[in-house]
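Coordinate analysis (summary)
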Amino acid sequence: RTNTCNECKTVLRRSKKYKISVDDQYRLLHLQDYSCALCITGITIMSAHLDHDHRTGKIRGFLCRKCNLAMDAIDSFPIEWIRKALVYRSRRAQD
């Protein structure tokens, strides 16, 4: 058993799972100003969720937990449905 810190364990696990180097994880988070790519909430390397395309594995960026859960939910819907839902929502909000 090794005495690896929690941050190191998280980054190394993510590195293996998503095939992104440790340096690239820190670089990406730095490029995002340590903020969620969607809502701009501050995140750390420990709280960040690596958003990726489930079909291709391509990494899109780091998200906060809330935005990551939302993206997982909408990934199952076709883009046209999402567009219609946004139009519907904006119309209903104006009533």
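Summary of the structure given here. Please read all numbers here as calculations on a predicted model, not as lab measurements.

Reading the values: the criteria
Residues numbered from 1 in each chain as written. Predicted model: local features only at pLDDT ≥ 70, side-chain atom pairs only at ≥ 80, totals over all residues. Heavy atoms only, no water. Helix = DSSP H or I, 4+ residues; strand = E, 2+ residues; numbered from the N terminus. Rg over C-alpha atoms; globule rule 2.2 N^0.38 Å. Buried < 20%, exposed > 50% of the residue type's maximum accessible area, 1.4 Å probe, protein only. Phe/Tyr/Trp six-rings, centres within 6.5 Å; stacked < 30°, edge-to-face > 60°. Pairing = 2+ DSSP bridges. Patch = residues over 30% accessible without salt bridge, like charges linked within 9 Å, V, L, I, M, F, W, Y side chains within 5 Å. Areas by Shrake-Rupley, 256 points an atom, 1.4 Å probe, with all protein chains shown as cover. Salt bridge = Lys/Arg side-chain N within 4 Å of Asp/Glu carboxyl O. Axes fitted to C-alpha atoms, helices over the stretch in contact; angles between N-to-C directions. Parallel < 35°, antiparallel > 145°, perpendicular 65-115°, else oblique. Contact = heavy atoms within 4.5 Å. Nonpolar A, V, L, I, M, F, W, Y, C, P; charged D, E, K, R; others polar. Expected span 1.5 Å × (residues − 1).

The next point concerns the overall build of the protein chain. When its secondary structure is counted, the protein chain shows 4 helices and 2 strands. Each helix and strand of the protein chain, ordered N terminal to C terminal, gives the series α-α-β-β-α-α. The C-alpha radius of gyration computed for the protein chain amounts to 16 Å, which surpasses the reference 12 Å derived for 95 residues by more than 25%, pointing to a less compact arrangement than a globule. Going through the 95 residues of the protein chain one by one, you find that 26% of them count as buried.

Right, let's get into the packing of aromatic side chains. Enumeration over the complete set of coordinates arrives at 1 aromatic pair. A centroid spacing of 4.2 Å and a plane angle of 15° characterise the contact between Phe-77 and Trp-81, whose relative ring orientation is stacked. Of the residues examined, Phe-77 reaches a relative accessible area of 38% and is grouped as partly exposed.

With that settled, consider the pairing of strand β1 (residues 49-52). Alignment of β1 against strand β2 (residues 59-63), held across 4 bridges, turns out to be antiparallel. What sits directly across from His-52, in β2, is Ile-59. Between β1 and the antiparallel strand that follows it, β2, lie 6 residues; Gly-57 among them carries a positive phi value of about 85°.

A cluster of nonpolar residues, Ile-74, Phe-77 and Trp-81, forms a patch on the protein surface that exposes about 280 Å² of accessible area. When you line up the elements, Phe-77 lands in the loop between α3 (65-74) and α4 (79-94).

Right, let's talk about the packing of helix α1 (residues 6-18) against helix α2 (residues 22-31) for a bit. α2 packs onto α1 with a crossing angle of 105° between their chain directions and a minimal axis gap of 9 Å. By the angle class used here, α1 and α2 are roughly perpendicular. Of the residues in α2, those in contact with Glu-7, Val-11, Leu-12, Arg-14 and Ser-15 of α1 are Val-22, Gln-25 and Tyr-26. By residue class, the composition of the contact of α1 with α2 is 4 nonpolar, 2 polar and 2 charged.

Let us look at α1. Its 13 residues give α1 an end-to-end C-alpha distance of 18 Å, which sits within 8% of 18 Å, the value for a rise of 1.5 Å per residue. For α1, the elements touching its buried residues are α2, β1 and β2. Once α1 finishes, Lys-19 follows within two positions and takes phi at roughly 55°, a positive value.

Let us now look at the side chain of Thr-10. Here Thr-10 lies in helix α1. Here Thr-10 is in contact with Ile-45 and Met-46, once residues within four sequence places are set aside.

Looking now at the pattern of salt bridges. Evaluated as defined, the whole model comprises 5 salt bridges. Among the ionic pairs, Asp-51 bridges to Arg-60, the shortest N-O distance being 2.7 Å. By relative accessible area, which is 7% here, Asp-51 ends up buried. Judged by relative accessible area, Arg-60 falls into the partly exposed class, the value being 42%.

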